Amino acid sequence: MTILLALSTTRESKHGVEYALSRAAEADAELVSLFVVDRNIAASLFGQLMDAGFVGEKVGRDLEGTILKDYAARGRRRLEAIASAAGERGIRLRTELVEGNFAEETLRTMEEVGADLIILMRAERSQLSRLLFGSAVNQVRELAICPVEIVEES
Amino acid sequence: MDHLHEAEGVSPIRGSGGEWRSTAARLLMARRRNWRLFTLAVSFGVLILISTAPAPDGLTQQGQKALAIFAMCIILWVTHAFPLAVTSFLAIALLPIMKVMDPGEAFALFGNEAVFFIMGAFILAAALLKSGLSTRIALIFLSRFGGNPEHLLLGVLASSAFLAFWMPAHAVAALMFPIILQIARSLGLEPGRSSYGKALFFSLAWGSIIGGVATLLGGARNPLAIGILWQHHHLRLGFGEWMVAAVPITVVMLCCAYGVIRFFFRIDVADISRARDALRAAIDDLGKVSWPERWVGVVVGGTICCWIGLSHTVGLANIAVLGAVSLFVLNLVRWNDIEDYVNWGVILMYGGAIAVATALTETGAAQWLVVSLLTRYELTPFMLVVAISLVAKVLTEGISNAAAVAVLLPIGFSLGEVYGVHPVLMVYAVAIPSGLAFSLPMGTPPNAICYSSGYYGLREALKAGFVLNVASWIAFLLMVKLYWPLIGVRL
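Residues numbered from 1 in each chain as written. Chains lettered and ligands numbered in written order. Predicted model: local features only at pLDDT ≥ 70, side-chain atom pairs only at ≥ 80, totals over all residues. Heavy atoms only, no water.

Enquirer: What is the right way to read the overall build of chain A from this model?
Expert: Broken down by element type, chain A carries six helices and five strands. Shown N-terminal to C-terminal, the secondary structure of chain A runs as helices and strands in the order β-α-β-α-α-β-α-β-α-α-β. Relative to its length of 154 residues, chain A is compact, with a C-alpha radius of gyration of 16 Å against a globular reference of 15 Å. Across the 154 residues of chain A, 61% fall into the buried class. A separation threshold of at least 6 residues defines the contact pool for chain A, and within that pool the share at least 24 residues apart is 77%. (Helix = DSSP H or I, 4+ residues; strand = E, 2+ residues; numbered from the N terminus. Rg over C-alpha atoms; globule rule 2.2 N^0.38 Å. Buried < 20%, exposed > 50% of the residue type's maximum accessible area, 1.4 Å probe, protein only. Contact = heavy atoms within 4.5 Å.)

Enquirer: Mind showing me how you'd approach the overall build of chain B here?
Expert: A count of helices and strands for chain B gives 22 helices and two strands. On C-alpha atoms alone, chain B measures out to a radius of gyration of 24 Å, which is about the 23 Å that the 2.2 N^0.38 rule sets for 491 residues. Oriented by its inertia axes, the alpha-carbon framework of chain B measures out at about 75 × 65 × 50 Å. Going through the 491 residues of chain B one by one, you find that 58% of them count as buried. For chain B, the share of sequence-separated contacts (at least 6 apart) that also reach a separation of at least 24 residues comes to 81%. The positive charge centre, built from 31 side chains, and the negative charge centre, built from 25, are 3 Å apart in chain B. (Lys, Arg positive; Asp, Glu negative; His and termini not counted. Charge placed at Lys NZ, Arg CZ, Asp CG, Glu CD.)

Enquirer: What is the right way to look at the layout of surface pockets in this model?
Expert: Empty space among the atoms can be located by rolling a probe the size of a water molecule over them. By volume, the second largest pocket is sized at about 620 Å³. Lining of the second largest pocket is provided by 24 residues; of these, Thr135, Ala174, Leu175, Pro178 and Ile179 of chain B occupy positions nearest its centre. At the level of secondary structure, the elements contributing two or more residues to the lining of the second largest pocket comprise α3 (57–89) of chain A together with α6 (133–143), α8 (169–186) and α12 (273–286) of chain B. If you tally residues by element for the lining of the second largest pocket, the top one is α8 of chain B, at nine residues. Class assignment of the residues belonging to the lining of the second largest pocket gives a composition of 16 nonpolar, four polar and four charged. (1 Å grid on protein atoms, 1.4 Å probe; cavity = no way out; pocket = protein on both sides within 12 Å on 5 of 7 lines; lining within 4 Å. Points joined across faces, edges and corners; volume = space filled by probe spheres on them. Nonpolar A, V, L, I, M, F, W, Y, C, P; charged D, E, K, R; others polar.)

Enquirer: Can you walk me through helix α9 (residues 195–211) of chain B in this structure?
Expert: Helical geometry: 3.6 residues make up each α-helical turn, so side chains three or four residues apart lie on a common side. Between its first and last C-alpha atoms α9 of chain B spans 24 Å; for 17 residues at 1.5 Å apiece the expected length is 24 Å, and the two agree. Where burial is concerned, most of α9 of chain B is hidden: 17 out of the 17 residues are buried. (Expected span 1.5 Å × (residues − 1).)

Enquirer: For this particular structure, what's the right way to read the domain arrangement of chain B?
Expert: How large an interface is tends to be reported as the accessible area lost when its parts come together. All names here are of chain B. What the domain assignment lists for chain B is domain 1 (36–107) and domain 2 (110–487). Averaged C-alpha coordinates put domain 1 and domain 2 at centres separated by 29 Å. Across the contact, 26 residues belong to domain 1 and 24 residues belong to domain 2. Carbon and sulfur atoms make up 82% of the surface buried where domain 1 meets domain 2, a total of about 2,000 Å² over both sides. Of all residues in domain 1, the largest losses of buried area upon contact with domain 2 belong to Leu67, Phe70 and Trp77, amounting jointly to 27% of the total for that side. (Domains from an automatic or database assignment. Buried area = accessible area lost by both parts, 1.4 Å probe.)

Enquirer: I tried to follow the packing of aromatic side chains on my own but got confused; where do I start?
Expert: Any pair of aromatic rings gets described here by the distance separating the centres and the angle formed by the planes. All names here are of chain B. Within the structure shown, the criterion is met by 22 aromatic pairs over all chains. Geometrically, the ring pair formed by Phe263 and Phe264 is edge-to-face, given 5.2 Å between the ring centres and 85° between the ring planes. Plain terms: the ring middles of Tyr451 and Tyr456 are 6.2 Å apart, the flat faces sit at 55° to each other, and that makes the pair tilted. Tyr451 sits in the partly exposed class, given a relative accessible area of 28%. Three or more aromatic residues link up through ring pairs in this structure, and these residues are Phe202, Trp206, Phe263, Phe264, Phe265, Phe438, Tyr451 and Tyr456. Across from the ring centre of Trp291, 4.8 Å away, lies the NZ or CZ of Arg294, which sits over that ring. (Phe/Tyr/Trp six-rings, centres within 6.5 Å; stacked < 30°, edge-to-face > 60°. Lys NZ or Arg CZ within 6 Å of the ring centre and 35° of its normal.)

Enquirer: Whenever I open this one, helix α2 (residues 61–79) of chain B confuses me. Can you help?
Expert: The first and last C-alpha atoms of α2 of chain B sit 27 Å apart over 19 residues, in line with the 27 Å expected at 1.5 Å per residue. Downstream of α2 of chain B by a residue or two, His80 of chain B has a phi angle that is positive, lying close to 60°.

Enquirer: How should the nonpolar core be read in this particular structure?
Expert: For soluble globular proteins, nonpolar side chains are generally found buried alongside one another. Membership of the largest hydrophobic core comes to 218 residues, with the highest contact counts inside it found for Trp206, Trp307 and Trp484 of chain B. For this core, the element with the highest residue contribution is helix α5 (residues 113–131) of chain B, accounting for 14 residues. If you count residues domain by domain, this core takes at least three from each of domain 1 (36–107) and domain 2 (110–487) of chain B. For Trp484 of chain B, the contacting residues outside a window of four places in its chain are Ala245, Ile249, Leu425, Tyr428, Ile432, Phe476, Met479 and Val489 of chain B. Residues Leu107, Met110, Ala115 and Leu143 of chain A belong to the second largest nonpolar core, which totals 21 residues. (Core = buried A, V, L, I, M, F, W, Y, C linked by side-chain atoms within 4.5 Å.)

Enquirer: Quick question: what am I supposed to make of the packing of α8 of chain B against α12 of chain B here?
Expert: How two helices pack is summed up by the angle between their axes together with the distance between the axes. Residues and elements named next belong to chain B. Where α8 contacts α12, the axes come no closer than 8 Å and their chain directions differ by 140°. Relative to α12, the element α8 lies oblique. Taken as a pair, α8 and α12 cross one another with a handedness that is right-handed. From α8, Ile179, Gln182, Ile183 and Ser186 reach across to α12, where they touch Arg274, Ala275, Ala278 and Leu279. In terms of residue class, the contact of α8 with α12 is built from five nonpolar, two polar and one charged. (Axes fitted to C-alpha atoms, helices over the stretch in contact; angles between N-to-C directions. Parallel < 35°, antiparallel > 145°, perpendicular 65-115°, else oblique. Left-handed = near helix turned anticlockwise from the far one by under 90°.)

Here is the structure:
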């Protein structure tokens, strides 16, 4: 059995990681821990700066670069911590740090590793907020071809 | 699958843009395209529906078509189905096509004085960024506040606000973001958990936003508003007059912002010496002040002095253009440098917005809208200011500040005529609150930039932002009532 744990800059609670590690240990499953450096956030920011702020491309690109670099550093630290925790419990683990769109990368990895279960984390938000700002977690849930479990972040 | 590997280490980052996409990912992209097409269809549907419906009493055919274009612009500006500038560009083409204005008249509005002022101001801001002078000022300003955590917080708020007096607030937030990130890292503040980290990024966002209303340079919506004022009433508003009216409000609002930040976010660090060291190191890295930096400082400082002292005699736009040209004469910038820092869509956006606003007034559409739909209630002039500033604040949380001004000001002028509010006061009552979006990341780029840091969540932004929105609105109304009469801006 393969469990895919999908994390991103805004979805990385300790509680959710702990849950995924427990599930993998219980089922003697391989855990694939994916951390998506969410390019969407930086790209939408770049778009907003160009579109509403009318700043030039250099300012936007510099800022986008700063943000993505920071997210990648955080992602790397998070995956290292998970690798260490998995090693202590004897859980087979593979990690991937990828830059892209959260929903797209999760779905791509699901197909690539043949995941039997996806574990996602979701911040507590109102339905209105999800409607207004969209929900990548809902997109994954709708389009995944395997069961999806969502851990609500408190 | 060579990018996936065993647990002993973490694979290097890999981008997947342009690579194979799964069926599910393609479905996802198709959904986004469909949403955009749906929005475009709705906006054009509204355009056709309003322009072809039987004209109501009191509204000319030209006015009806102007309203149809206005409604289409509102939908496109709010949904961002097109870039803001493209929507304005489309509007300026539709005005002659639908025979609302002559082509010459419509396209001439791109040459509005406000548009050239904005161009000049953006070029000067680009020179500040390119020379590194703005970064040096920010670092030196901040380093003066590094005594303790409270002072540093105040320093972030004050330095962002001060820079936004002289440069677009969006550019200030983009410029300051890496500095604040560096401070947060040096203090080991954990994103999403550190209360002081949240406070620092809120200070940056709110400082730049508040500073942006103080002068005509902090946000292009301010010159847009005075451009629309000129088109409607042939009244001029000088750089100094704006500052006299707006700077005290800025100071009061900065106090409110500091109070809200301290109320919501406790200071959970005791020692900030590492942040002080990081700031010192950053200043050392910049080296000595270069000659281009000095000369850019002289040109920008001189231009600002001329704006304050000579805007009524020489003209805001003329001073801006002369200031921008001086940069080239002194060989301080090249045209390519400027293009790196300025998005020229700004001209299309503001030229188009002024054209739509002018069409609404000249065809009598704004007056009709106000008289037939909005004058059912007995309002005092102050109540009108209360209402319009509230609408501006709500609107600007969801759409761009400039779009909020473009939508509200033409209607505001007509309302002002009915209820007896002077057009200059109406400019302040719309433009200042339109610049003050404190909650939603989509409201204005400084919010979006700081939100992207991951240090605070949407819920915190909504909660603290709402409190500041209310506090700043009350502060604004108190200044309208108590301070503006002292400087001759009376209701």
